[in-house]
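An overview of the molecular structure
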Amino acid sequence: MTSPTPIPEPNPGSAASPVSGAAAPRTAHPVLAEVVRSGFVEGLHRGSLVVLAADGSVDWSLGEVTEPVFPRSTNKPMQAAAVLRAGLDLSGERLALAAASHSGEPFHLALVRTVLAEHGLSADQLQTPPDLPLDPEEAEAYLAAGHTRDRLTMNCSGKHAAMLAASALNGWPLDSYLDQDHPLQQLVADGVRTAAGEDVAHIGTDGCGAPLLSLSLTGLARAFRHFVLAGPGTAERRVADAMRAHPEYVAGTRRPDTWLMQALPGTLAKMGAEAVQALALPDGRALAFKIDDGATRTLGPVLARTLRLMGVDAPVLSRLADAPLFGGGARVGEIRAGF
């Protein structure tokens, strides 16, 4: 396949920075999505994207795909695999929930409570920040019922419940399960490096409080490819199989990752905050991208366009690509792919 031609970029020139001591400006990444209102392009979203061939080599890319980014919740499959390597026996919906950014629907919250109870734990031990359900409709219903922000409803509570359970199983400290040097987090770090085939350049703190390990977009795509091609019975394959069998627990009933995994059997998909997306097809082809400004509204159109360029043809792509803009209650435009 011929690589897409990036939109030409202006030469940033070599003028000195107006701020004394500031770093030289970065070369602008290509436009991955356009905001079109009433036929007028009113905004652009830039970013970087990589596509791997079935053999794991880079098929094509746009922007910078070898420098580190924070993958955010696209790291969750690697975190879920770590709790299995720690000896925690999870499967099915429970394992899918351990890799989830769940929507906060009632079935998500009920299963988090069940997992905690099964391991002698309580929601009070979760170190997730109190939050509303991630899905806007669920958040409205939750507030209308008189509830307030809670640790359980935060979208990472399934992951945290699994981390607590793995720590309890091994007699590891529960009050410091998010510390970078905790035994469980060391298992996570080892698994991330192995799956991505590269070292971790930066360690930060994710929105849920867990250690956040950087990867290049190429490394992130390799990690997802590693999971779908892993041997039966391995921690990575068990996580991939659980996510693909129960995608509604990975995301929610109104979420693109769910739609994709339901419509394209064998596909592993996971989004992350700040507009990161990773996906692997069952034949080993994979992709990862990040939108520079973190606009998650771009994820569907960019993902649909990329999959079409990879030769995927399925009705779900039209559903993904549809990102309308409204004016006065009527549809007046859209977010569309820019490559």
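Below you will find a few notes about this structure. (Residues numbered from 1 in each chain as written. Predicted model: local features only at pLDDT ≥ 70, side-chain atom pairs only at ≥ 80, totals over all residues. Heavy atoms only, no water.)

For the rest of this paragraph, the subject is the pattern of salt bridges. Summed over the entire model, instances satisfying the criterion amount to 17 salt bridges. Glu 34 serves as the salt-bridge partner of Arg 336, at 2.7 Å between the closest nitrogen and oxygen. Of the two residues, Arg 336 sits in strand β12 (residues 330–337) while Glu 34 sits in strand β1 (residues 31–37), which places them 302 residues apart along the sequence. In this structure, Arg 285 and Asp 283 form a salt bridge, with 2.8 Å as the shortest nitrogen-oxygen distance. For Arg 285, a relative accessible area of 23% gives the class partly exposed. Overall, Asp 283 belongs to the partly exposed group, its relative accessible area being 38%. Sharing partners across several salt bridges, the network here consists of Asp 135, Glu 137, Glu 138 and Arg 254. (Salt bridge = Lys/Arg side-chain N within 4 Å of Asp/Glu carboxyl O. Helix = DSSP H or I, 4+ residues; strand = E, 2+ residues; numbered from the N terminus. Buried < 20%, exposed > 50% of the residue type's maximum accessible area, 1.4 Å probe, protein only.)

Our next topic: the nonpolar core. Core analysis: the largest hydrophobic core is formed by 103 residues, its most contacted members being Val 239, Leu 260 and Leu 307. The leading source of residues in this core is helix α7 (residues 217–229), at seven residues. Non-local contacts of Leu 260, meaning those with residues more than four positions away in its chain, are made with Ala 269, Leu 279, Leu 303, Leu 307, Val 316, Leu 317 and Leu 320. (Core = buried A, V, L, I, M, F, W, Y, C linked by side-chain atoms within 4.5 Å. Contact = heavy atoms within 4.5 Å.)

It is worth spelling out the packing of helix α1 (residues 76–85) against helix α5 (residues 157–170) at this point. Two elements in contact, α1 and α5, have axes separated by 9 Å at closest approach and are oriented at 25°. In terms of their interaxial angle, α1 and α5 are classed as roughly parallel. Here α1 runs over α5; the crossing is left-handed. Contacts between α1 and α5 involve Lys 76, Gln 79 and Val 83 on the former and, on the latter, Lys 159, Ala 162, Met 163 and Ala 166. Looking at the contact of α1 with α5, its residues break down into four nonpolar, one polar and two charged. (Axes fitted to C-alpha atoms, helices over the stretch in contact; angles between N-to-C directions. Parallel < 35°, antiparallel > 145°, perpendicular 65-115°, else oblique. Left-handed = near helix turned anticlockwise from the far one by under 90°. Nonpolar A, V, L, I, M, F, W, Y, C, P; charged D, E, K, R; others polar.)

Let's shift gears to the pairing of strand β9 (residues 276–280). For β9, the buried fraction is high: five of the five residues fall into the buried class. Side chains Val 276, Ala 278 and Ala 280 of β9 all project onto a buried face; the interleaved residues Gln 277 and Leu 279 project onto the opposite face, where all are buried too. In this structure, the hairpin formed by strand β8 (residues 268–272) and β9 is closed by a connection of three residues, where Glu 274 is found at a positive phi of approximately 60°. In the sheet, β9 pairs with strand β10 (residues 286–291) via five bridges, with the strands oriented antiparallel. Among the inter-strand pairings, Gln 277 is bridged to a residue of β10, identified as Phe 289. (Pairing = 2+ DSSP bridges.)

On to the packing of aromatic side chains. Summed over the entire model, instances satisfying the criterion amount to one aromatic pair. Each ring, one from Phe 107 and one from Tyr 249, has its centre 5.0 Å from the other, and the planes form 80°; the classification is edge-to-face. Of this pair, Phe 107 sits in helix α3 (residues 106–118) while Tyr 249 sits in helix α9 (residues 247–250), and the two are 142 residues apart along the sequence. Of the residues examined, Tyr 249 reaches a relative accessible area of 14% and is grouped as buried. Lying over the aromatic face of Trp 259, Arg 319 brings its terminal NZ or CZ to 3.7 Å of the ring centre. (Phe/Tyr/Trp six-rings, centres within 6.5 Å; stacked < 30°, edge-to-face > 60°. Lys NZ or Arg CZ within 6 Å of the ring centre and 35° of its normal.)

Following both chains from N to C, one finds α1 and helix α8 (residues 235–245) inclined at 125°, their axes separated by 9 Å at the closest point. In this view, α1 runs oblique relative to α8, as classed from their interaxial angle. Like other packed secondary-structure pairs, α1 and α8 cross with a definite hand, here right-handed. Counted together, Pro 77, Ala 80, Ala 81, Leu 84 and Arg 85 of α1 and Ala 235, Glu 236, Arg 238, Val 239 and Met 243 of α8 form the full contact between these two elements. The residue inventory of the contact of α1 with α8, partitioned by class, reads seven nonpolar, no polar and three charged.

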